[in-house]
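Structural overview for review
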Amino acid sequence: MSFSIHPLLDNGFKKGDSNKSGGKLYCHCKSNRIEVTLGSDTAFNHACGCSKCWKPKGALFSIVGVVPVDKVSVTANSNKLHVIDTSAAIQRHACKDCGVHMYGRIEVDHAFKGLDFVHSELSDEKGWQEPQFAAFVSSIIEQGFEPEKMGDVRKKFQGLGLETFDCLNPTLMDLLAAHTAKTAAPKAKL
Ligand SMILES: N[C@@H](CCC(=O)N[C@@H](CS)C(=O)NCC(=O)O)C(=O)O
Ligand SMILES: [Zn+2]
Ligand SMILES: [Zn+2]
């Protein structure tokens, strides 16, 4: 295949360990690495094709999941963190030197507020929750991927047992919509 969806997915992946209770994430700097300590495994871990999520070099997709904010702490070199786009819903805190995103936090009113977005591949340990689905798949076209090859990309995910979506999966889309319904002006019930 002439593309890599992600180095940890290209050749298949193992299921995570259901007893996994967290671990440490490190940025890619050779020295003075930023260390983030997670007090739990991720939930909703998934491949994301959007342009905003951090991906390893050469990969078409990011792998990203969520953990409760109170389970996330920066335990070394926090001075190297900066928010890459302060106008985004997800405030992605990245290393100023190597560019790796350490955690993404939502400060505005949002269905996912209270959950931080993290990349468990930044850990040296195994056993993290395996990806559950692929999101924002068509978004890779916006970053230059040839539309003609999208069938191959979707087939690759299907072969791995991962459903593909062009936004988030139905569970997460329903949560977003329910939040919108709750916060929008009252409407007649359907
Ligand atoms: N097609 C767009 C999609 C961007 C997008 O909506 N990303 C999703 C998935 S990470 C999101 O929730 N973004 C909120 C944010 O980045 O603040 C792109 O690739 O840039
Ligand atoms: Zn770094
Ligand atoms: Zn994304």
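All of the points below concern the structure found in this document. (Residues numbered from 1 in each chain as written. Chains lettered and ligands numbered in written order. Predicted model: local features only at pLDDT ≥ 70, side-chain atom pairs only at ≥ 80, totals over all residues. Heavy atoms only, no water.)

Let us now look at the nonpolar core. Core analysis: the largest hydrophobic core is formed by 17 residues, its most contacted members being Leu-25, Cys-27, Ile-34, Val-36, Leu-38, Met-102 and Tyr-103. When sequence neighbours within four positions are dropped, the list of residues in contact with Leu-25 reads Ile-34, Glu-35, Val-36, Leu-38, Met-102, Val-118, His-119, Ser-120, Leu-122 and Ser-123. With 16 residues, the next largest nonpolar core counts Ala-47, Phe-61, Ile-63 and Phe-157 among its residues. (Core = buried A, V, L, I, M, F, W, Y, C linked by side-chain atoms within 4.5 Å. Buried < 20%, exposed > 50% of the residue type's maximum accessible area, 1.4 Å probe, protein only. Contact = heavy atoms within 4.5 Å.)

Mapped onto the secondary structure, Glu-107 falls in the loop between β8 (101-106) and β9 (115-118). Each C-alpha atom of the pair Glu-107 and Gln-91 lies 7.6 Å from the other, and the pair is 16 residues apart in sequence. When neighbours within four sequence positions are excluded, Glu-107 is seen to be in contact with Ala-89, Gln-91 and Lys-113. (Helix = DSSP H or I, 4+ residues; strand = E, 2+ residues; numbered from the N terminus.)

Right, let's get into the site of ligand 1. In the region of ligand 1, the neighbouring residues are Cys-48, Cys-50, Ser-51, Lys-52, Cys-53, Ala-88, Ala-89, Ile-90, Arg-92, Phe-136, Ser-139 and Glu-142. The separation between an oxygen atom of ligand 1 and a polar side-chain atom of Ser-51 is 2.6 Å. At 3.0 Å, a backbone N or O of Ala-89 approaches an oxygen atom of ligand 1. Starting from 500 Å² of accessible surface for ligand 1 in isolation, the protein chains cover 77%. At the level of secondary structure, the elements contributing two or more residues to the shell around ligand 1 comprise β7 (90-95) and α1 (139-142). Considered class by class, the residues forming the shell around ligand 1 number seven nonpolar, two polar and three charged. (Near = heavy atom within 4 Å. Polar contact = N/O pair within 3.5 Å; in protein donor to acceptor, adjacent residues only side chain to side chain. Areas by Shrake-Rupley, 256 points an atom, 1.4 Å probe, with all protein chains shown as cover. Nonpolar A, V, L, I, M, F, W, Y, C, P; charged D, E, K, R; others polar.)

Purely geometric numbers; function is a separate question.
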